[in-house]
Amino acid sequence: MSDIQHASSIELNVKEIVKKATELNDFSHLLAHVPYAKFIGMEVVRFGDELVFQLPAKDENIGNPTLPAIHGGVIAGFMEMSAIVQLMVFMQTSKVPKIVDFSIDYLRAGYHRDTFAECKITRQGRRVANVNINCWQTNRKSLIATARAHFLIE
C-alpha cells in the first residue's frame, strides 16, 4: 500500500469514526482512539447541540497532593483535547485538526474532583478555526481555567 493510499484510508477512518460517534451520540469509541484522552479518563456527553467534556476525578491526574489539585498540564491537555473533539464533531473533519497555538489562563486551583469543559468555535477563514474553552468544577460561573486555541483545519 502506498503512503497516499494509507493516508487516505486513515482520513476515511477518522471521518467514519466521527460520523458514527455523532450518529450514535456515543463518543467513547472516538475517545478510545486518542491515547491521551484514555490516559486522563476524559469523557463526552452531548446535550442537544452542545458537547460537555468531563474529566472525572482520578488520583493519577493530581499534581499537588497537598491540596490535592489536578496538575496544570492535565487541565491544559484536557481543554486542548476538548477543543479538538469539538472541531471534529461539529465541522465533520476528515483529519485531526492541528494546533497552531494555545493560550491558557489558570484562574483558581482545580481540586481533585470532577472537572468539566465546554467549547465555542469561531471559524476564521477557510483553514483556521479559533476555539474558546471554559473549564469549571462545581459551578459554570466559577471557572478554574479559560483558554483560546487556533487550529488548522481542512
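Keep in mind the model is a prediction, meaning the values are calculated, not measured.

## With respect to the confidence of the model for the protein chain
It should be kept in mind that the predicted coordinates are not to be read in detail where pLDDT is low. The predicted model of the protein chain has a mean per-residue pLDDT of 89, with 92% of residues at 70 or higher. The low-confidence segment residues 1–11, where pLDDT is below 50, has four contacts with residues more than four positions distant or belonging to other chains.

## Quick notes on the side chain of serine 82
Among the structural elements, serine 82 can be located in helix α4 (residues 72–90). Serine 82 gets classed as buried once you look at its relative accessible area, which sits at 0%. Once you skip the residues sitting within four places of it in the chain, serine 82 turns out to touch Met42, Phe53, Ala117 and Cys119.

## Things to note about the nonpolar core
Ranked by size, the top nonpolar core spans 39 residues in total, and within it Leu30, Met42, Phe53, Phe78, Met79 and Ile133 carry the most contacts. Of all the secondary-structure elements, those providing two or more residues to this core are α1 (3–24), α2 (28–32), α3 (35–40), β2 (50–55), α4, β6 (115–124), β7 (128–136) and β8 (143–152). The greatest single-element share of this core, amounting to eleven residues, is contributed by α4. Other than its neighbours up to four places away in sequence, phenylalanine 78 contacts Tyr36, Ile40, Met42, Phe53, Gln54, Leu55, Thr115, Phe116, Ala117 and Cys135.

Cut-offs used in this document
Residues numbered from 1 in each chain as written. Predicted model: local features only at pLDDT ≥ 70, side-chain atom pairs only at ≥ 80, totals over all residues. Heavy atoms only, no water. pLDDT = per-residue confidence, 0-100. Contact = heavy atoms within 4.5 Å. Helix = DSSP H or I, 4+ residues; strand = E, 2+ residues; numbered from the N terminus. Buried < 20%, exposed > 50% of the residue type's maximum accessible area, 1.4 Å probe, protein only. Core = buried A, V, L, I, M, F, W, Y, C linked by side-chain atoms within 4.5 Å.

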